[in-house]
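# Summary of the model geometry
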Amino acid sequence: MASDVKQPYSFALITAAYITVLFALLIILLEFIQDSEPVWWLVGLGVLGCYILSFLLIHFRTQLFIFKKVREIYDNVKLLEDVSLTADNITTDMASLSEEVERYAKSKKIEIESLRVQEEYRRNFLGNVAHELKTPLFTVQGYILTLLDGAIKDKSVRKKYLSRAEKGVDRLIYLVNDLDMITKLEVGDLNINYEYFDLVKLIYATFEMLEMEAAKRNITLAFDDSYAKEVMVNADQERIQQLLTNLIGNSIKYGNENGTTEVSIQDLIQNKLLIRITDNGEGIEPDHLPRLFERFYRVDKSRNRRVGGSGLGLSIVKHIIEAHEEKVYVESEFGVGSEFSFTLEKAEVIG
């Protein structure tokens, strides 16, 4: 506040001093012109009066001028729309005014930049969703139209086309469910139900769920070690199973045939566990790693279309882990393999 008072008054004080000096010189000059002895006390009184009046006039006129101009700026650009503008909070301190305007200008600039990023994100998201929905929709439509055009009379063709149309519908359902899931995760509308459960048992259950898919590509699902005891964790069991299904499923889809997907559980500091899913597949090039968890981001678009999926799996993994306030990591060497890992809270077993 001291600087707010000092600076506006200094302008008026200095300007008034200039005027007063000129006024004093004018009085003394007039006295000498009239060949009379100056009455110095009158000169001093006049100088003092001139100084005080000049200061008051300059200060309040400047304050009024700045107030009116700044208010016009506020009204025109709405820069400080959340500030109540009154004469009491307007000062002739131009530095303070500049700082205030600059502060709000930066705030608005950040807000505008954020809106621009969100608009770009929304546009990309809608484009990706439209692209993902288009393929199965057109597939289903094509089979149905073919059947309606007469192919339905052929029993073998009818069964084959209906089966293919069903797969297209299944993919649509899968995509819609993933979209619904990630939307809830991003807006924080999905509750995390913490419970204690055996992580080893859950991983074996996930292996059983995916064993047929792994068998098609002759990929072995295994632990790195035998776990004789339970490994208890505190998390949302349903969400963690979904996370494991996505990570192990991706390892099967994109791993090399006759390969291996291995899961390991390691103790970290304090009460944390690190769960690692490692494969000896083709790996991921370094340029792609920073964007792997983005929605619909695909490393190899042609292969990803071929193996299916919504393109949301890793993004869902990231949001599930973040909802648990944990971390997810990825390491990969192209041509060697990949490792996805995440942390979980370990539960102490009593008894």
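Residues numbered from 1 in each chain as written. Predicted model: local features only at pLDDT ≥ 70, side-chain atom pairs only at ≥ 80, totals over all residues. Heavy atoms only, no water.

## Examining helix α6 (residues 237–254)
In this model α6 runs 26 Å from its N-terminal to its C-terminal C-alpha over 18 residues, within 8% of the 26 Å that 1.5 Å per residue would give. Burial analysis of α6 places 13 of its 18 residues in the buried class, the great majority of the element. The N-cap of α6, judged by a side-chain oxygen 3.2 Å from the amide nitrogen of Glu-238 a few residues on, is Asp-236. (Helix = DSSP H or I, 4+ residues; strand = E, 2+ residues; numbered from the N terminus. Expected span 1.5 Å × (residues − 1). Buried < 20%, exposed > 50% of the residue type's maximum accessible area, 1.4 Å probe, protein only. Polar contact = N/O pair within 3.5 Å; in protein donor to acceptor, adjacent residues only side chain to side chain.)

## Some remarks on the pattern of salt bridges
The tally for this structure, following the rule as stated, stands at six salt bridges. Of the charged contacts, one joins Lys-272 and Glu-326 as a salt bridge, the two residues approaching to 2.7 Å between their closest N and O atoms. Placement of Lys-272 in strand β5 (residues 272–279) and of Glu-326 in the loop between α8 (313–323) and β6 (328–333) is noted, with a sequence separation of 54 residues between them. Exposure remark for Glu-326: the relative accessible area of 10% places this residue in the buried category. The salt bridge partner of Glu-339 is Arg-276, with a shortest N-O separation of 2.7 Å. (Salt bridge = Lys/Arg side-chain N within 4 Å of Asp/Glu carboxyl O.)

## Side note on the sheet that holds β5
The five strands are arranged β2-β4-β5-β7-β6 in an open sheet whose pairing can be described as mixed. The sheet is open, and its two borders are formed by β2 (220–223) and β6, each paired with just one other strand. When strand polarity is set aside, the average angle formed by the axes of neighbouring strands in this sheet is 15°. Across eight bridges, the pairing between β5 and strand β7 (residues 337–345) is antiparallel. The partner of Ile-277 across the bridge, within β7, is Phe-340. (Pairing = 2+ DSSP bridges. Axes fitted to C-alpha atoms, helices over the stretch in contact; angles between N-to-C directions.)

## A look at the environment of Ile-277
Within the secondary structure layout, Ile-277 lies in strand β5. Looking at Ile-277, the relative accessible area reads 3%, which means it is buried. Each C-alpha atom of the pair Ile-277 and Asp-224 lies 10.0 Å from the other, and the pair is 53 residues apart in sequence. Dropping the residues within four chain positions of it, Ile-277 is found in contact with Leu-244, Leu-247, Ile-248, Thr-261, Glu-262, Val-263, Ser-338, Glu-339, Phe-340 and Phe-342. (Contact = heavy atoms within 4.5 Å.)

## Focus: the side chain of Glu-326
One polar contact links Glu-326 to Lys-272, side chain to side chain, over a distance of 2.7 Å. Within the local environment of Glu-326, its side chain forms a polar contact with the side chain of Thr-343, the two groups lying 2.7 Å apart.

## A closer look at a positive patch on the surface
Side chains of Lys-160, Arg-164, Lys-167 and Lys-216 sit close together on the surface and give a patch of like positive charge. No other element matches the three residues that helix α4 (residues 155–186) contributes to the positive patch. Looking at where Lys-216 falls in the secondary structure, it is placed in helix α5 (residues 199–216). With a relative accessible area of 72%, Lys-216 lands in the exposed category. (Patch = residues over 30% accessible without salt bridge, like charges linked within 9 Å, V, L, I, M, F, W, Y side chains within 5 Å. Areas by Shrake-Rupley, 256 points an atom, 1.4 Å probe, with all protein chains shown as cover. Lys, Arg positive; Asp, Glu negative; His and termini not counted. Charge placed at Lys NZ, Arg CZ, Asp CG, Glu CD.)

## A closer look at the nonpolar core
Residues Leu-199, Leu-244, Ile-248, Ile-265, Ile-275 and Phe-342 are the most contacted members of the largest nonpolar core, which totals 47 residues. Element by element, the count of residues in this core is highest for α5, at seven residues. When residues no more than four places from it in sequence are discounted, the contact partners of Ile-275 are Leu-199, Val-263, Ser-264, Ile-265, Phe-340, Ser-341, Phe-342 and Leu-344. Judged by nonpolar contacts, the second largest core, of six residues, contains Val-140, Tyr-143, Leu-147 and Ala-151. (Core = buried A, V, L, I, M, F, W, Y, C linked by side-chain atoms within 4.5 Å.)

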